[in-house]
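Fold and contact review
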Amino acid sequence: IDGKSMNEALQTIWDFIVKVWTTELFGPDTVTIGGILMLVFLFASVIIVERILQRLLIRRFLSKTRLQPSLQYGLSRIIGYTLIAIGFYVAFQSVGFDLSSLAIVAASLGVGVGFGLQNIINNFVSGIIILAERPISIGDRIEVAGVAGRVTKIQLRSTTVVTNDNITMIVPNADFISNT
């Protein structure tokens, strides 16, 4: 193959890649395959950066404070969730997704989904209350909703408890707020 035909072949391949990358999926000025791939890459980047920053926050800054370990953990989780939310918003905006146009759809879906996800939202809000007010901490021995054991992990939706029989149980956070 001579140099000219090789350049033509490479140019044809490049044109095909550019065409696929910029193919608009739902009409003009909408989502492209390249945009979706970029969004997936940005989401993965946001999650990786959040995990790295969360570890650095605990190891470098919070561990040197006199805060209790459970409060350090809670602060790092809240900051991590905030970073993910901001990162996903920026990723959508940088790819060109206009999230403001989804406001009306989100509002109407929010009512229906709100009723369907009431229990999950209840656990989520209860998790925020637990992380903020700290009625329980990692290492506490608790008994709630028929589960007795030691708290090993507190997340936004649920708390992990290891029983006396060394069985790990996941307890919804709403049980800690609403039960004795």
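Summary of the structure given here. (Residues numbered from 1 in each chain as written. Predicted model: local features only at pLDDT ≥ 70, side-chain atom pairs only at ≥ 80, totals over all residues. Heavy atoms only, no water.)

1. Points about empty space enclosed by the protein
Going through the model one piece at a time under the given rule, you end up with 1 cavity of 30 Å³ or more. What the largest cavity holds in volume is close to 40 Å³. Forming the boundary of the largest cavity are Ser70, Ile130, Leu131, Arg134, Ile136 and Ile154. Per-class residue counts for the lining of the largest cavity are 4 nonpolar, 1 polar and 1 charged. (1 Å grid on protein atoms, 1.4 Å probe; cavity = no way out; pocket = protein on both sides within 12 Å on 5 of 7 lines; lining within 4 Å. Points joined across faces, edges and corners; volume = space filled by probe spheres on them. Nonpolar A, V, L, I, M, F, W, Y, C, P; charged D, E, K, R; others polar.)

2. Side note on a nonpolar patch on the surface
Taken together, Ile48, Val49, Ile52, Leu53, Leu56, Leu67, Leu75, Ile79 and Leu83 make up a surface patch of nonpolar side chains, about 700 Å² in accessible area. Counting only elements with at least two residues in the nonpolar patch, the list comes to helix 2 (33-61) and helix 3 (69-95). Looking at the nonpolar patch, the element that brings in the most residues is helix 2, giving 5 residues. Position of isoleucine 48 relative to the elements: it lies in helix 2. For isoleucine 48, a relative accessible area of 51% puts it in the exposed group. (Patch = residues over 30% accessible without salt bridge, like charges linked within 9 Å, V, L, I, M, F, W, Y side chains within 5 Å. Areas by Shrake-Rupley, 256 points an atom, 1.4 Å probe, with all protein chains shown as cover. Salt bridge = Lys/Arg side-chain N within 4 Å of Asp/Glu carboxyl O. Helix = DSSP H or I, 4+ residues; strand = E, 2+ residues; numbered from the N terminus. Buried < 20%, exposed > 50% of the residue type's maximum accessible area, 1.4 Å probe, protein only.)

3. Examining the sheet that holds strand 4 (residues 168-172)
Spatially, 4 strands are ordered 1-2-3-4 in an open sheet, and the strand pairing comes out antiparallel. Strand pairing shows two members of the sheet lacking a second neighbour, strand 1 (141-144) and strand 4, which therefore form its edges. Strand-to-strand twist across the sheet, computed as the mean angle between neighbouring axes with direction ignored, equals 50°. Sheet topology places strand 1 next to strand 2 (residues 147-154); 4 bridges connect them, and they run antiparallel. Bridge pairing in strand 2 places isoleucine 142 opposite glycine 149. (Pairing = 2+ DSSP bridges. Axes fitted to C-alpha atoms, helices over the stretch in contact; angles between N-to-C directions.)

4. As for helix 3
With 27 residues, helix 3 extends 38 Å from end C-alpha to end C-alpha; this agrees with the ideal 39 Å at 1.5 Å per step. The set of residues buried in helix 3 consists of Ser70, Leu71, Gln72, Tyr73, Gly74, Ser76, Arg77, Gly80, Gly87 and Ala91. Close packing links the buried residues of helix 3 with helix 2, helix 5 (118-133) and strand 2. The positive-phi residue at the C-terminal boundary of helix 3 is glycine 96, with phi of around 110°. (Expected span 1.5 Å × (residues − 1). Contact = heavy atoms within 4.5 Å.)

5. Some thoughts on the pairing of strand 4
The side chains of a regular strand alternate between both faces of the sheet. As defined by bridge partners, strand 3 (residues 158-163) adjoins strand 4 across 5 bridges and the pair is classed as antiparallel. Bridge assignment links serine 158 to a residue of strand 4, and that residue is proline 172. Linking two consecutive strands that pair antiparallel, namely strand 3 and strand 4, is a turn of 4 residues; a positive phi of about 60° is found at asparagine 166 within it.

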